[in-house]
Amino acid sequence: MTDFAASSQNAGYFSRERVGFLFLNVGHFFDHMFMLIFATVAVALAGQEGMSYRELLELLTPALVMFGVGSLPAGWLADRWSREGMIAVFFIGIGGSSIATGFANENWQIMLGLGAIGTFAAIYHPVGIAMVVEGQEKVGRALGINGVWGNMGLAAAPLLTGWLIAISSWRAAFIVPGIVAILVGLAYIAFCRQGRGVVRAAKRTVPDPGDHDLTRAVLIRVALALTLTILFGGLIFHASAVVLPKLFSERLSDITSDIGAVGTYAAIVLAIASFAQIVVGHLLDRFPARRILFLIALLQIPALALVASISGIPIVLASVLMMALIFGEIPIHDTIVTRYTRAAWRGRVFAVKFVLALLVAAAVPSLIGTLHDNFGLDVLFFVLAAAAAGVALSALILPIARKVA
């Protein structure tokens, strides 16, 4: 590992930058994958030991709460201490927490383990995203590529979890990825030590917006629009990602009842849909974020309503469209934050953004379980369609134009 890092440094600054970007992308992959492992485990364990799907899914609540709450101290520590150091803590911490969860024997131990996963997972977004946009001339493109890796983590979660459960047990679904995350964390530490001082000496930073751009009226409009879109959008994103394995287990029951196959269908949908972020990223470097956000949110409404109404193979195809539109919204939020925030404060602003989104997400397990048990998943998706309408209306609050940084 030392030889690899040293050769990267000798190859020049651009090579080191690419390797550093790769580590950040892998981190985004792990972040979303680890947070969704239990969503598939809950489907497999439903009915065992007298626990319903709703009761199992509620064990995920501490993870989602900490995923949001932990963002604030993570962003503050990164800005005050070290962003690279916090990413190393992320890799090692999330891996160790996952392994510990795999050895849990009681429900409270599972909740504690999941809560620890959420705590370390909270580090990535306020820290990693701030590092991704640093030194990037085309912010939208960088966020789009990084977003695809995060969404591939969402796709990998049901796939890897489903097959690890099928060939071994639910414990392996936590332990095996945990070991891999720790190994990657050790590699990242070696990489940072070998290149200490090289990247910072050469990096450019995204230009800060000028004082004339940050008028009180503009900041109020941006803050209000972002708050509303993040709340509504966070609900849509997390609910759809968490419920997808359950949706397919019910709506594809005539085709398969195998948890591995269900996980594969969910993974295929999420993997294909994830590339929407690259398309949106390129659009963000050319067109106003306000216009793109409004259009994507508007298209989400019929897509979510369609998924609520169909079953069989058509629901797989409809889910690709739905998830592509949901994923496509994510880099828009981050681009807006980047264009209206000074670099020194970016980590903390990203932290506030993710606290808002993820505190809403903390209510997702109870919302899904309650609506599923009392009304069915079709009602859940109609509720999400209404939330998409809220995003579209909120987008209109944004300033009409903002020059690409």
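Located above this text is the structure these notes cover.
Everything in this summary refers to the structure shown in the same document. This structure is a prediction, so every number in the text was calculated from the model and none was measured.

1. Points about the packing of helix α9 (residues 139-167) against helix α10 (residues 170-194)
Next, step 1: Orientation of α9 relative to α10, taken along the N-to-C sense of each, is 125°, at an axis distance of 7 Å. If you check the angle between α9 and α10, you find them oblique. Classified by chirality, the crossing of α10 by α9 is right-handed. Residues T161, L164 and I165 of α9 form the contact with α10, whose own contacting residues are W170, A172, A173, V176 and P177.
Next, step 2: Broken down by class, the residue content of the contact of α9 with α10 amounts to 7 nonpolar, 1 polar and no charged.

2. Quick word on a nonpolar patch on the surface
Next, step 1: Residues I92, I179, L183 and L186 make up a contiguous nonpolar surface patch of roughly 350 Å² in combined accessible area.
Next, step 2: Tallying contributions element by element places α10 first for the nonpolar patch, with 3 residues.
Next, step 3: One can find L186 in helix α10.

3. Notes on the packing of helix α6 (residues 83-102) against helix α8 (residues 124-133)
Next, step 1: The geometry of α6 relative to α8 is characterised by a closest axis approach of 10 Å and an angle of 130° between their N-to-C directions. Looking at the two axes, α6 sits oblique to α8. In this structure, α6 crosses over α8, and the sense of that crossing is left-handed. Within the contact between the two elements, α6 uses R83, E84, M86, I87 and F90 and α8 uses Y124, V127, G128, A130 and M131.
Next, step 2: When the residues that make up the contact of α6 with α8 are grouped by side-chain class, the tally is 7 nonpolar, 1 polar and 2 charged.

4. Quick notes on the nonpolar core
Next, step 1: Core analysis: the largest hydrophobic core is formed by 128 residues, its most contacted members being F30, F38 and F248.
Next, step 2: Not counting the four nearest positions on each side in its chain, F248 is found in contact with S253, V262, Y265, A266, V269, I315, V316 and S319.

5. Examining helix α15 (residues 289-309)
Next, step 1: With 21 residues, α15 should reach 30 Å at 1.5 Å per residue; the first-to-last C-alpha distance of 31 Å fits that figure.
Next, step 2: Of the residues making up α15, those classed as buried are A289, I292, L293, I296, A297, Q300, A303, L304, V307 and A308.
Next, step 3: The inward-facing, buried residues of α15 abut α12 (216-251), α14 (276-284), α16 (313-339) and α19 (377-395).

6. Side note on the packing of aromatic side chains
Next, step 1: On inspection of all chains with the given rule, the structure shows 11 aromatic pairs.
Next, step 2: An angle of 90° between the planes, with centres 6.1 Å apart, marks the rings of F30 and F91 as edge-to-face. Of this pair, F30 sits in helix α2 (residues 13-45) while F91 is found in helix α6, placing the two residues 61 residues apart along the sequence. In terms of burial, F30 and F91 fall into one category: buried.
Next, step 3: The rings of F23, F29, F30, F34, F90, F91, Y124, Y188 and F191 are connected pair by pair, giving a single aromatic cluster.

Rules used in this analysis
- Residues numbered from 1 in each chain as written.
- Predicted model: local features only at pLDDT ≥ 70, side-chain atom pairs only at ≥ 80, totals over all residues.
- Heavy atoms only, no water.
- Axes fitted to C-alpha atoms, helices over the stretch in contact; angles between N-to-C directions.
- Helix = DSSP H or I, 4+ residues; strand = E, 2+ residues; numbered from the N terminus.
- Parallel < 35°, antiparallel > 145°, perpendicular 65-115°, else oblique.
- Left-handed = near helix turned anticlockwise from the far one by under 90°.
- Contact = heavy atoms within 4.5 Å.
- Nonpolar A, V, L, I, M, F, W, Y, C, P; charged D, E, K, R; others polar.
- Patch = residues over 30% accessible without salt bridge, like charges linked within 9 Å, V, L, I, M, F, W, Y side chains within 5 Å.
- Areas by Shrake-Rupley, 256 points an atom, 1.4 Å probe, with all protein chains shown as cover.
- Salt bridge = Lys/Arg side-chain N within 4 Å of Asp/Glu carboxyl O.
- Core = buried A, V, L, I, M, F, W, Y, C linked by side-chain atoms within 4.5 Å.
- Buried < 20%, exposed > 50% of the residue type's maximum accessible area, 1.4 Å probe, protein only.
- Expected span 1.5 Å × (residues − 1).
- Phe/Tyr/Trp six-rings, centres within 6.5 Å; stacked < 30°, edge-to-face > 60°.

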